[in-house]
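Residue-level listing of the chains:
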Amino acid sequence: MEFSQDDVFIDHESFSEIDLKKSGSYAYAEHKSTEIMLTTYAFGDEAVQCYDATDGGRLPSELRSVLKYLSRNPGKKGNPKLIGANYLMFDRLLLRNCWGYDIDPRDILDTMVVAFRHSLPGSLAMQCEVLQIDDSLAKDKRGKVLIQRFCKPTPKNYKVRRYSRETHPSEWAEFIEYARSDITAMREVFHAMPDWGNIEFENTVLAIDQRINDRGFFVDTALANAAIDAVKQHKIELQQEANEKWGAGLTGAAFLPTLRDLAPAHEILNAQKSTLNDLLADDDLPYDARTIIEMRLGASSTASTKYNPLLLGLSGDGRRRGCLQYGGAKRTLRWAGKGFQPQNLARGHFSGDELDTGIKMLLKGRAHWCYDVSKLTASTVRGCIIPEPGNKLVVADYSNVEGRGLAWLAGEETALATFLAGLDIYCVTAGKMFGLDPDHIKQVRKDLRQIGKACELGLGYGGGVAAFLTFAKNLGLDLYAMAETMKGTFPDHIWAAAKRGYEYARIQEKNKKGFAGQKAERPSYDLPKNVWLTCDSIKRMWRESHPKTCAFWNDLESAAMNAIKNPGKSYWAGAEVCEGGDRAIRIRRTKGKDGAPGWWLQVELPSGRILSYPGIGISVEKQVDGPDDWGLSEAAYREVTYRERIRYMGENQTTRQWGKQYTYGGKLAENVTQALCRDLLANALVTVENAGWPIVLHVHDELVTEVPNTPEYTVAELARMMCDLPAWAAGFPLAAEGAELMRYAK
């Protein structure tokens, strides 16, 4: 990326008595003890300067002039930019609260945001590593120690409560050099990053995102504190009851032997949550064993731990700010949560009047009279988000937007017609699969509707039998009962193909290698054969009824493979939905200045935004393979074949380490579909904010607005604005529904 000599690379080092990680950047910046100690900066490619605010000197006039100009001329075209790492969600707040300079987000280029837009890691140190910045220019690795030394107070039992330039002058000099090195590293990273993700619309979305974070949402602190107190008391009571009944607590080494004594007919290997939940699913589990497990799970519930981050990050006006991270889900650029993590709130066990009554009893300190406190407090976290007096929350959520997005991209006309007609897609899907009328399924065969729901939510991205295990966990789908229900109902060709697939999968999973030398998990192979065959048969029937979706997976993988092998040339996939009649997705590999194959794969969405895959390439993998129509003997699969796989560099979702990752058609379909749906939500953010509806939060595909409690603010109007399609999404079957609330709820 290029920069002008008027742009300022800038970074601040600060001190505060409160913990940044626990309190969040807004509460941190607002705290009375917070101060900016060092400010390092450089105009364009000039030498790095350092202003030490602790020595009593004034802010340098050249920097003061820029900050004063930007605060008085916010967002003006041609303004110089402040370029910093994580500057929007941290340093911008320090400038505003410590020095009084309120800088418009449009006048800031945040290198972390730029990195997210191109699927790169957010931290400056990792960016230096990934982009191979010369060690002499990269981030100084001593920084963590020096920050620990000067940016935080010492432990309470220390005589000196704060280290400074007076107490440790030599280390302070190192601290200044570290701060200077941050500017050098940032400048090199900024210059090395691409800029195709920095489109004007995204800059508009980012400015609105910062407005939403600055606004925050109002918190019912009385309810949050009541929930915390109730949980503390509940855990004490559960521990006491367990000790009185069985002479052992719910935690510690004594729990597992006690549980084994209470359930001698069961083999209990450990006390992990998954193991205990499996035991609870067994109807033959003795009553006392069931009771002590339920008590342990209640005492160890983590859902109620959301209250502390909610309160610790509270601003003085009672609002919680800074809970949304733009582009946190890097590749798709979807939002992630920060601190309070609103994206990870439990759905809860209670709703409606039952939940309202539970909240009233919590506030009175009597919830334990008639509620399981752990379940109730897991349900009341959302209810802590309320409007200020005189306002209301108007909430709307897109209806199955990913399913609609996949059908639109793939051109699955039957599914599109179903969505446009307002029919139940789960019943229609099950009806196509099993040859039954959708109305009959809706009224009589709810078990088949559940299967249709599982298929629509989980099979659209190439999922197979293992996906049904996820359905069982998340949707409560009983795979064994499903197998019994579906016994003998599958067409002969489907069942025969599933049997061939079972033999192939058995050998593949048997030979699967585990991570880092560990034994590989074999979840689908561990299923009984009849259950495995049922799941696989359902998968095959779903794929037969969704031919365009399956073709879309193949199109994407083929286009990506061809693009990787032919740098600079574009390949297309999906339905002809773009404004000019082009197909939905354009894929190309970049070319270097010398014509050599580039480092990036670009996947362009109908919106014009580009998904980036850095470090792109192809790996050749040796494997035992065979087509579906081979025989059942194991010897038939001993032929060695070689398969090409798409390889790129990214963050491992399990280890969080940067390294080689692999993708395929179904996964590419998931990426582009989720990114498309994210762009529709981003469009809604702009539309709704510009209409004067203050957004206080958005969670997944849902918008939460806080508006005056007057009749003109309705769910219907919010849903209409959310479904106001941009030109590039013509024909998308978008729908939304919601509610007016005085407490946020699902």
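Residues numbered from 1 in each chain as written. Predicted model: local features only at pLDDT ≥ 70, side-chain atom pairs only at ≥ 80, totals over all residues. Heavy atoms only, no water.

Visitor: Describe the packing of aromatic side chains, with residues and values.
Guide: Under the defined criterion, the tally for this structure stands at 18 aromatic pairs. Pairing Tyr28 with Phe90 gives two aromatic rings, centres 5.6 Å apart and planes at 45°, and the pair type is tilted. Linking Tyr28 in helix α1 (residues 20-30) with Phe90 in helix α3 (residues 87-99), this pair joins segments that are 62 residues apart in sequence. Taking the relative accessible area as the measure of exposure, Tyr28 reaches 5% and is therefore buried. Ring centres of Trp408 and Phe732 lie 5.4 Å apart, and the angle between their planes is 55°; on these two criteria the pair is classed as tilted. Here Trp408 is found in helix α16 (residues 401-410), whereas its partner Phe732 is found in the loop between α27 (715-722) and β21 (736-741), with 324 residues between them in sequence. Ring pairs connect the aromatic residues Phe150, Trp172, Phe175 and Tyr178, which therefore count as one cluster. The ring of Tyr662 is capped by Arg645, whose NZ or CZ atom sits 4.3 Å from the centre of that ring. (Phe/Tyr/Trp six-rings, centres within 6.5 Å; stacked < 30°, edge-to-face > 60°. Helix = DSSP H or I, 4+ residues; strand = E, 2+ residues; numbered from the N terminus. Buried < 20%, exposed > 50% of the residue type's maximum accessible area, 1.4 Å probe, protein only. Lys NZ or Arg CZ within 6 Å of the ring centre and 35° of its normal.)

Visitor: Talk me through the environment of Val603; I want residue IDs and the actual numbers.
Guide: With respect to the helices, strands and loops of the structure, Val603 is situated in strand β14 (residues 597-604). It is 4.6 Å that separates the C-alpha atoms of Val603 and Ile587, two residues lying 16 residues apart in sequence. For Val603, the contacting residues outside a window of four places in its chain are Ile585, Arg586, Ile587, Arg609, Ile610, Leu611, Tyr613 and Val672. (Contact = heavy atoms within 4.5 Å.)

Visitor: I'd like a rundown of the confidence of the model for the chain, residues and numbers included.
Guide: Summing up the model confidence of the chain, the mean pLDDT is 89 and the portion of residues at 70 or higher is 94%. Predicted confidence is poor over residues 514-520, with pLDDT under 50, and the contacts of this stretch with residues over four places away or in other chains come to five contacts. Here residues 627-637 is a poorly scored stretch, pLDDT under 50, and it has 21 contacts once near neighbours within four places are set aside; other chains count. (pLDDT = per-residue confidence, 0-100.)

Visitor: Tell me about the side chain of Thr39, and please be specific about residues and values.
Guide: Position of Thr39 relative to the elements: it lies in strand β2 (residues 35-43). Residue class for Thr39 comes out buried when judged on its relative accessible area of 0%. Polar side-chain contacts of Thr39 include one of 2.9 Å to the side chain of His12. In this structure Thr39 touches Ile10, Asp11, His12, Gln49, Cys50, Tyr51, Leu63 and Trp99, once residues within four positions along its chain are discounted. (Polar contact = N/O pair within 3.5 Å; in protein donor to acceptor, adjacent residues only side chain to side chain.)

Visitor: Outline the pairing of strand β9 (residues 334-337), supporting the account with residue identities and numerical values.
Guide: The pairing of strand β8 (residues 324-329) with β9 spans three bridges and is antiparallel. Paired with Ala329 across the two strands is Arg334, which belongs to β9. Between β8 and β9, which pair antiparallel and follow one another directly, the connecting turn spans four residues, one of which, Leu333, has a positive phi of 70°. (Pairing = 2+ DSSP bridges.)

Visitor: Could you give me a rundown of the environment of Ile695, with the residues and numbers involved?
Guide: Its place among the elements puts Ile695 in strand β19 (residues 695-699). Linking Ile695 and Met649, residues 46 residues apart in sequence, is a C-alpha distance of 35 Å. If near-sequence neighbours (up to four positions away) are discounted, Ile695 is found in contact with Ile212, Arg215, Leu685, Val688, Glu689, Leu703, Val704 and Thr705.

Visitor: Give me the sheet that holds strand β20 (residues 702-708): which residues, what numbers.
Guide: Strand order across the open sheet formed by four strands is β19-β20-β11-β21, with antiparallel pairing between neighbours. Because the sheet does not close on itself, it has two edges, and the strands there are β19 and β21. Between one strand axis and the next, the sheet turns by 20° as a mean value, whatever way the strands run. (Axes fitted to C-alpha atoms, helices over the stretch in contact; angles between N-to-C directions.)

Visitor: Before we move on, could you go through the pairing of strand β13 (residues 585-591) and cite the residues and values that matter?
Guide: As a general feature of sheets, a regular strand has side chains that alternate between the two faces. Examined bridge by bridge, strand β12 (residues 571-573) and β13 share three bridges and lie antiparallel to one another. Directly across from Trp572, in β13, lies its bridge partner Arg586. As paired strands, β13 and β14 are joined by five bridges and run antiparallel to one another. Paired with Arg586 across the bridge in β14 is Glu604. Two successive antiparallel strands, β13 and β14, enclose a turn made up of five residues, where Gly595 displays a positive phi of approximately 85°.

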